[in-house]
Amino acid sequence: MTRRETLITRSIVYAILNTKDDGKPARKSSLLGRVLRVFYIYWLTFRLVRHDLFKALRGVWGIKDDDYRASFSGGKQSRKKKGKAALTPMGDMGYSGSTFFRTSDSAYLVKSVPRHFEHDFFKNELLLPYADHMHANPSSLLVRITNFLENTHQSIGVLLGLAPSHHIIMENIMYGQDQEPQAGSKPKWESWDLKPTSYFFPERDIAGGALASEATLSKLADEFNDKIRLSEAQAAAFQSQLEKDTQLLADCNAVDYSLFLVRISAANAPNAEFQPPLQSGETSAEPIPPSQPPFAPPTPPSWRTGVMSSDGKEVYRAAILDFFWAKHTVHAKTMTGLVDTYNLIDDQGPMSITTDSKEYRDRFLKMCMECVDIQE
């Protein structure tokens, strides 16, 4: 890791492991320390926003505090391998400028939320409705967010955009991919980040994409050119939960969220029923779904941990991600004005970030259900 990544990850881990019950840092800085931290480039002191709320959510999800903290302390495996970092960088994975880190046991992802209008919307408008919804809907496809970190002070690094001021911690839906099977060939993992592609994407649609680099085009939403093979009952349950989750997002005026779909070949996947639970921080061959927190075996199987295809050949996971873009923020209104102005010259229709929340929900639901092939 670079020095920047090392200091950022250490400041995140410190906040998780050294926080009081009110979410504030366990140690209060001296007056001199508070003055000097203004000049920090990468290190930040974080508070855990609504620590009580997220702790309650983790309790609902069956995530024990000791197991959760072990994921960030490295657990037994990292203590055996001295020098192994608790968080591993995954790079920049999208347009938002977010950086991603993964815990050493791969159970959780840390995603930076650098844009003010996004983390402000989540903290002040979406957080409480999200928590209520997740309490009431254990099978929700909204990604499970387990903590929200914000900086306690301004610094040169934050002002220059060198150190992210806010992070969310969420479950890693790809959990288990890195673990080797005890016998047989390794299951094949594939993933797609799906959004409705019928919207106007300037990078793709202006001059046929000739003005955009390959790197830029590669960050556009994926296309799933296959089908999710489900029984009629599975498809009905999938649609019903999608409708509930997206109704919450529409009510909060959120757009531009995506469905992250994972497909795992299941031919060699061991049966979770016969897989012994692991101790905190240990890794081993994983059943599909995994058998320990945060992916404890659900009853019935869920889209978080793995739903078997109707033909028994594949396992699917899915989660709704990136629901931080609200249409009523100043930034979103500015973008809408710019796109509307461009459409006076070349009518391409709205972008996914400039359409209204109801219309986006309708297209999103249509996209999701068009991916489904009902088989009996």
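## A few points about the packing of helix 1 (residues 3-17) against helix 4 (residues 65-73)
The description of two helices packed together rests on the angle between their axes and the distance between the axes.
In step 1: At a closest axis distance of 10 Å, the pairing of helix 1 and helix 4 adopts a crossing angle of 160 degrees. Viewed along their axes, helix 1 and helix 4 adopt a mutual orientation that is roughly antiparallel. The chirality of how helix 1 crosses helix 4 is left-handed. Note on element contacts: helix 4 touches helix 1 through Tyr68, Arg69, Phe72 and Ser73, opposite Val13, Ile16 and Leu17.

## Quick notes on the pairing of strand 10 (residues 258-265)
In step 1: Most of strand 10 is tucked away, with seven of its eight residues classed as buried.
In step 2: When strand 7 (residues 189-194) meets strand 10, the two strands line up antiparallel, connected through six bridges. Its bridge partner being in strand 10, Ser191 is matched across the sheet by Val262.
In step 3: Direction of pairing for strand 10 relative to strand 12 (residues 314-321): antiparallel, over a ladder of eight bridges. Bridge assignment links Phe260 to a residue of strand 12, and that residue is Ala319.

## Section: empty space enclosed by the protein
In step 1: This model, assessed by the stated rule, comprises three cavities of 30 Å³ or more.
In step 2: Its volume calculated, the second largest cavity comes out at about 80 Å³.
In step 3: As for the second largest cavity, its lining consists of eleven residues, and the residues nearest its centre are Val143, Arg144, Glu171, Arg304 and Ala319.
In step 4: Counted by class, the lining of the second largest cavity contains seven nonpolar, one polar and three charged residues.

## Regarding the pattern of salt bridges
In step 1: Considering all chains together, one arrives at 17 salt bridges under this definition.
In step 2: Linking Lys195 and Asp256 is a salt bridge whose minimum nitrogen-to-oxygen distance equals 3.2 Å. With Lys195 in the loop between strand 7 and helix 8 (202-205) and Asp256 in the loop between strand 9 (254-255) and strand 10, this residue pair connects regions lying 61 residues apart in the sequence. For the pair Lys195 and Asp256, a shared accessibility class is recorded, and that class is buried.
In step 3: Here Asp226 and Arg229 are joined by a salt bridge, their closest N and O atoms 2.9 Å apart.
In step 4: Via salt bridges that share partners, Lys188, Glu190, Asp226, Arg229, Arg263 and Glu314 belong to a single interconnected network.

## Description of the packing of aromatic side chains
In step 1: Across all of its chains, the model carries 15 aromatic pairs by this definition.
In step 2: Among the aromatic side chains, those forming a connected cluster through ring pairs are Phe122, Tyr130, Phe148, Phe323 and Phe324.
In step 3: Lying over the aromatic face of Tyr68, Arg58 brings its terminal NZ or CZ to 4.4 Å of the ring centre.

## Let's talk about the nonpolar core
In step 1: Ile145, Ile320 and Phe323 are the most contacted members of the largest nonpolar core, which totals 94 residues.
In step 2: In terms of residue count, the dominant contributor to this core is helix 6 (residues 116-136) (eight residues).
In step 3: When residues no more than four places from it in sequence are discounted, the contact partners of Phe323 are Phe121, Leu126, Tyr130, Leu142, Val143, Ile145, Leu249, Ala254 and Tyr257.

Conventions we followed
Residues numbered from 1 in each chain as written. Predicted model: local features only at pLDDT ≥ 70, side-chain atom pairs only at ≥ 80, totals over all residues. Heavy atoms only, no water. Axes fitted to C-alpha atoms, helices over the stretch in contact; angles between N-to-C directions. Helix = DSSP H or I, 4+ residues; strand = E, 2+ residues; numbered from the N terminus. Parallel < 35°, antiparallel > 145°, perpendicular 65-115°, else oblique. Left-handed = near helix turned anticlockwise from the far one by under 90°. Contact = heavy atoms within 4.5 Å. Buried < 20%, exposed > 50% of the residue type's maximum accessible area, 1.4 Å probe, protein only. Pairing = 2+ DSSP bridges. 1 Å grid on protein atoms, 1.4 Å probe; cavity = no way out; pocket = protein on both sides within 12 Å on 5 of 7 lines; lining within 4 Å. Points joined across faces, edges and corners; volume = space filled by probe spheres on them. Nonpolar A, V, L, I, M, F, W, Y, C, P; charged D, E, K, R; others polar. Salt bridge = Lys/Arg side-chain N within 4 Å of Asp/Glu carboxyl O. Phe/Tyr/Trp six-rings, centres within 6.5 Å; stacked < 30°, edge-to-face > 60°. Lys NZ or Arg CZ within 6 Å of the ring centre and 35° of its normal. Core = buried A, V, L, I, M, F, W, Y, C linked by side-chain atoms within 4.5 Å.

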